Amino acid sequence: MIHSMTAFARQETNADWGNASWEIRSVNQRYLETYIRLPEHLRSLEPILRQRFRNRLQRGKVECNLRFEPRNDQTSLNINNKLASQVIKQANWVIQQAGSGSINPLDILNWPGVIATPEQDIDEINSALLAQFDLAIEQFIAARASEGDNLKTMIVTRLNAISELVSTIRSNMPTIIEWQRQRLNNKFEEAKIQLDPERLEQELVLLAQKVDVAEELDRLDSHVSETQKIMKKGGACGRRLDFMMQEFNREANTLASKSINSDITQASVELKVLIEQMREQIQNIE
């Protein structure tokens, strides 16, 4: 299965300890980069989250955000008096240095760690949050897979169009060669140049060799087949597909350089357009 690097997932939970919502979003990136935003008192979850991302993802710039609202229905506050005193002391020193200002008590209470949460509650909350995170990442990966299916359909459509172009060029080549032969004969007649038939045939053979695109067409067919195999295998195949687009472009450029006919030139342009359309979408594949 092919996965896109662009996706979004959201998972919410309500419990006795409060409300929480996970949001995971990602865009394309050459490697895996994770950016995790957590409330300060839940920062211990970050290494666990990073490892779970590494276990499930290969590429993409991933942003994970946890919004947490504790349920404040306690009859008393568990305040870290020692830390609160230190914060007040340092705040007073800043005020003295500045020569003005005052301390807002709410600012002291909002300082990380001043209002302590019982350890047993943190353990329970962490377990619940990680369980919800697992649901969120499953939803996230499913979204990446769904978008990957859409990308695969688009790419297959372009590959089929390339195969049709190659088939059309191959079937028209005898006619194009004959057209070039007649065109060359007409130029000789207009110039009133009489060439030995054997010499003329040799020149025509050399010209046919120069404009022969059979090898390029065979390679394009091979690239189409290989790209289809890569997508069928699935997994983290974005880099291999990007390499295949480089190979497609190489053959398209050679085909254009050998063009002696407006039909071949037009086909080369259409081929490059199809390749570019695929390349743009492949940038989003994991």
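Within each chain, residues carry numbers counting from 1 in the order of the written sequence. Confidence filtering applies because this is a predicted model: local features only for residues at pLDDT of at least 70, side-chain atom pairs given and counted only at 80 or more, and all residues used for totals across whole chains, interfaces and linings. Excluding hydrogens and water, the side-chain figures rest on all heavy atoms present in the structure.

Brief notes about the overall build of the protein chain
A helix here means a DSSP run of H or I that spans at least four residues, while a strand means a run of E at least two residues long, and both kinds are numbered starting from the N terminus. The number of helices and strands found in the protein chain is eight helices and four strands. Helices (α) and strands (β) of the protein chain occur, in sequence order from the N terminus, as β-β-β-α-β-α-α-α-α-α-α-α. We call a residue buried when its accessible area falls under 20% of the maximum for its residue type, exposed when it is over 50%, and partly exposed in between, using a 1.4 Å probe and counting protein chains only. Split into buried and exposed, the 286 residues of the protein chain put 35% on the buried side. Residues are treated as being in contact if the distance between any of their heavy atoms lies within 4.5 Å. Within the protein chain, residue pairs in contact and separated by at least 24 positions form 79% of the contacts whose partners lie at least 6 positions apart. Working definition of accessibility: Shrake-Rupley area with a 1.4 Å probe, residue cover restricted to the visible protein chains. When the accessible surface of the protein chain is totalled, it reaches about 17,200 Å², and 48% of it is carbon and sulfur.

Let's talk about the pairing of strand 3 (residues 32-37)
Two elements, strand 3 and strand 4 (residues 60-70), share six bridges in a ladder whose sense is parallel. Residue pairing for strand 4: leucine 32 is matched across the bridge by glycine 60. By this definition, two strands are paired if DSSP reports at least two bridges between them.

As for the packing of aromatic side chains
Side-chain rings of Phe, Tyr and Trp, where Trp is taken by its six-membered ring, are said to pair if the distance between their centres is within 6.5 Å; with planes under 30 degrees apart they count as stacked, over 60 as edge-to-face, and otherwise as tilted. Counted under the stated rule, the structure contains three aromatic pairs. Judged by centre distance (5.8 Å) and plane angle (15°), the ring pair of tryptophan 17 and phenylalanine 68 falls under stacked. In this pair, tryptophan 17 is assigned in the loop between strand 1 (7-15) and strand 2 (18-27) and phenylalanine 68 in strand 4, connecting sequence segments 51 residues apart. The same class applies to tryptophan 17 as to phenylalanine 68, namely buried. An aromatic cluster is defined as three or more aromatic residues linked by ring pairs; in this entry it consists of Trp22, Phe53 and Phe133.

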